[in-house]
Amino acid sequence: MSCQVLEEVEERILNACSRSGRKREDIILLGASKGVQPQKIREFFRCGLYVFGENRVQEFLKKWEELKDLSIDWHFIGNLQSNKVKYIIDKVSLIHSLDRESLLEELDKRAGSLGKIQDVLIEVNLGGEETKGGVEPEGLRDFFQKCLKAKNIRVLGLMCIPPYRENPEEVRVYFSKLRELKEGLEEEFSVKLLHLSMGMSHDFKVAIEEGSTIVRIGTLLFGSRK
Ligand SMILES: *Cc1c(COP(=O)(O)O)cnc(C)c1O
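Read on for a plain summary of the structure. Just so you know, the residues in each chain are numbered from 1, in the order the chain's sequence is written. Residue-level local features of this predicted model are given only where pLDDT is at least 70; pairs of side-chain atoms are given and counted only at 80 or more, and the full residue set underlies all totals for whole chains, interfaces and linings. Side-chain descriptors were evaluated using all non-hydrogen atoms of the structure, hydrogens and water having been removed beforehand.

1. As for the pairing of strand E4 (residues 94–98)
Stage number 1. Among the five residues of E4, five are classified as buried, and the element is accordingly described as predominantly covered.
Stage number 2. Here strand E3 (residues 73–76) pairs with E4 via two bridges, running parallel. Within E4, the residue paired with His-75 across the bridge is Leu-94.
Stage number 3. Bridging between E4 and strand E5 (residues 118–123) involves three bridges; their strand directions are parallel. Bridge pairing links Leu-94 to Asp-119 in E5. For each residue, the accessible area found with a 1.4 Å probe, counting protein chains only, is set against the maximum for its type, and the residue is called buried under 20%, exposed over 50%, and partly exposed in between. Each helix is a run of DSSP H or I of at least 4 residues and each strand a run of E of at least 2, with the numbering of both proceeding from the N terminus. Strand pairing follows a simple DSSP-based rule, namely that at least 2 bridges must link the two strands.

The following block contains the structure:
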């Protein structure tokens, strides 16, 4: 495989950076690899893509096993059931989808028994969509406070999956909202939050302009795979 696809996405990220005065090294490109065959992940790794995010535990475990000879930095980006935490917690560096207390407790407990501090992002439901996970913006402050009390959990920032809009400009308000929520927490709790995980294939340019530090890109890298 040639590395042309990755190079093209890189170029678009670079363009978005230079247009918005951001530094490329402040943004992580995450390959959202659900439905992508391990062999294809391996090829992208050879091209220089090292961070991959999976959505489903079963699928992730299979790929992890097949690809464990590579030093992939695995993230978990999908809805996570508490009873599955134990299977993944020793295999992922960052979980993007912390969105409820029961999950927080389970993560804290399992991380503790591994002697690990688990890095997480809090997923925020900005569009008020009932089908999507995420903490409601009104409940974010209280939830963040609970996270601060969990000894084995470190919150590195926020994540969102905004409602789909044909025109990515219409998603900008959600991205700027997530940034404001992050800044609000930083100010109120005197902490620094590293990450805003926002932006997918069709709207990552706008997300970068609004301060994204992790763009999660699937279709653009791996093609349509439903
Ligand atoms: C699939 C997925 C992505 C990537 O979406 P594309 O539109 O294919 O780039 C990003 N984030 C999450 C949580 C996903 O499930």
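2. Focus on the site of the ligand
Stage number 1. Near residues are defined by distance, with any heavy atom within 4 Å of the molecule or strand qualifying the residue. What surrounds the ligand is the set Ala-32, Lys-34, Asn-55, Ile-77, Ile-161, Met-200, Ser-201, Arg-216, Ile-217, Gly-218 and Thr-219.
Stage number 2. Class assignment for the residues of the shell around the ligand results in five nonpolar, four polar and two charged. For this classification, Asp, Glu, Lys and Arg are treated as charged, while Ala, Val, Leu, Ile, Met, Phe, Trp, Tyr, Cys and Pro are nonpolar and the rest, including Gly, are polar.

3. Structural notes on the packing of aromatic side chains
Stage number 1. For this analysis, a ring pair means two rings from Phe, Tyr or Trp (six-membered ring only for Trp) whose centres lie within 6.5 Å, classed as stacked if their planes differ by under 30 degrees, edge-to-face if by over 60, and tilted for the remaining angles. Enumeration according to the criterion identifies six aromatic pairs in this entry.
Stage number 2. Considering the side-chain rings of Phe-52 and Trp-74, the 6.1 Å spacing of their centres and the 50° angle between planes classify their relative orientation as tilted. Pair noted here: Phe-52 is in strand E2 (residues 51–54) and Trp-74 is in strand E3, with a separation of 22 residues, a long-range link. Trp-74 carries the same exposure label as Phe-52, and that label is buried.
Stage number 3. Cation placement over rings: the criterion is NZ of Lys or CZ of Arg within 6 Å of the ring centroid and within 35° of the ring normal. Of note, Lys-91 hangs over the ring of Trp-64, and the distance from its end group to the ring centre comes to 4.9 Å.

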